[in-house]
Amino acid sequence: MAAKLILSMDGAVLKEYPLNKERMTIGRKPHNDIAIDNLAVSGEHAAIVTILNDSFLEDLDSTNGLEVNGTPTKKHFLQNNDVIGIGKYKLKYINDQVTQSTAADFEKTMVLRSPVKQAAPGVSKPAQPAGFTQTQTNVNKPAAAEPAADKTGKLDAIQPAAPAASAQVAVVQVLTGSNAGKELELIKNLTTLGKPGVQVAVLTRRPHGFFITHVEGASHPTVNGTPLSDQPHQLNDHDVIELAGVKMEFYYKG
């Protein structure tokens, strides 16, 4: 059964929303998947990205913010029975599927700020580009929670756990900007790229390839010059992605 959100106000249940899309938005404007017609709710208030059995909540720079279980948050890895608070409204997250991820894992953040040289050919694990923020979910070694990184306006990469099965290694290489020439191996199931508050997209690994989905921003990223729709788009070898003013090339190694 798909996870769902139960919308309520003052203890009265108003509606249930199954999380049956990879990305769902919450906001006051009617085009949102979960539309809440209240002035305390921003036009596009928050987004929920669901990958397999895991859902991630992110505040879309809303005016009044949001809470999870009474605590203000910008990003949150949702767990069964979490309660999202937006103004007077509550959204209870229900997910009876077993997940090995934990909130502490999701909040484990490492920020690389110093310049990093590009890895030499043949090196199996190239260095991460400077300015990438990487959040990893490690299901085997739970880590104590650390504060999420501040917004830097630089490329942001969020990467939960790597799949057990070996697969062809995919890479995104930055073509323009201060990180030009740098590479990021897509070794995880989920990678989010972009500039928070400007334009964000998520890359997901699936059994039959990698897909890119628009997550945040008024304008959509482009692939080979064509703007993405709201639906996931499968990436082909050597596709060129333009996101938040930065061009990058997707390709398979070997």
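Preceding this paragraph is the structure being described.
Residues numbered from 1 in each chain as written. Predicted model: local features only at pLDDT ≥ 70, side-chain atom pairs only at ≥ 80, totals over all residues. Heavy atoms only, no water.

(A) Molecular detail of the pairing of strand β2 (residues 12–18). Judged from the six bridges that link them, strand β1 (residues 4–9) and β2 form a sheet pairing that is antiparallel. Directly across from lysine 4, in β2, lies its bridge partner proline 18. (Pairing = 2+ DSSP bridges. Helix = DSSP H or I, 4+ residues; strand = E, 2+ residues; numbered from the N terminus.)

(B) Here's a closer look at the nonpolar core. Leu5, Ile26, Ile34, Ile48, Leu57, Ile84 and Leu91 are the most contacted members of the largest nonpolar core, which totals 21 residues. Mapped by element, the contributors of at least two residues to this core are β1, β3 (23–27), β5 (46–51), β7 (66–68), β10 (83–86) and β11 (89–94). Top contributing element to this core by residue count: β11, with three residues. Contacts of leucine 57, omitting those with residues within four sequence positions, involve Ala46, Ala47, Ile48, Leu66, Val68, Lys74, Lys75, His76, Leu78 and Ile84. Leu184, Phe210, Ile241 and Tyr252 belong to the second-largest nonpolar core, a separate cluster that totals 20 residues. (Core = buried A, V, L, I, M, F, W, Y, C linked by side-chain atoms within 4.5 Å. Buried < 20%, exposed > 50% of the residue type's maximum accessible area, 1.4 Å probe, protein only. Contact = heavy atoms within 4.5 Å.)

(C) The side chain of serine 8, seen in detail. Mapped onto the elements of the fold, serine 8 is located in strand β1. Not counting residues up to four positions away in its chain, the partners in contact with serine 8 are Val13, Leu14, Lys88, Tyr89 and Lys90.

(D) Just the packing of aromatic side chains, in detail. Counted by the stated rule, this structure contains four aromatic pairs. On the basis of an interplanar angle of 55 degrees and a centroid distance of 6.4 Å, the ring pair of phenylalanine 210 and tyrosine 252 is categorised as tilted. In this pair, phenylalanine 210 is assigned in strand β19 (residues 209–216) and tyrosine 252 in strand β24 (residues 246–252), connecting sequence segments 42 residues apart. Aromatic side chains phenylalanine 250 and tyrosine 252 sit 5.2 Å apart centroid to centroid with 80 degrees between the ring planes, which places their arrangement in the edge-to-face category. The same class applies to phenylalanine 250 as to tyrosine 252, namely buried. Its end group placed over the ring of phenylalanine 211, arginine 206 keeps NZ or CZ at 4.5 Å from the ring centre. (Phe/Tyr/Trp six-rings, centres within 6.5 Å; stacked < 30°, edge-to-face > 60°. Lys NZ or Arg CZ within 6 Å of the ring centre and 35° of its normal.)

(E) Here's a closer look at the sheet that holds β19. In spatial order, the strands read β17-β18-β19-β22; together these four strands make up an open sheet with antiparallel pairing. Whereas interior strands pair on both sides, the edge strands pair on one side only; in this sheet they are β17 (190–195) and β22 (233–234). Pairing of β19 with β22, which is carried by two bridges, proceeds in the antiparallel orientation. By the bridge assignment, isoleucine 212 is partnered in β22 with histidine 233.

(F) Focus on the sheet that holds β2. Judged by pairing direction, the sheet is antiparallel, and its six strands sit side by side in the order β2-β1-β11-β10-β7-β8 without closing on themselves. With one partner strand each, in any of the chains shown, β2 and β8 (71–73) form the two edges of the open sheet. In this sheet, neighbouring strand axes are inclined to one another by 30 degrees on average, regardless of whether the strands run parallel or antiparallel. Where β7 lies against β8, three bridges are found, and the strand directions are antiparallel. Bridge pairing links glutamate 67 to proline 72 in β8. (Axes fitted to C-alpha atoms, helices over the stretch in contact; angles between N-to-C directions.)

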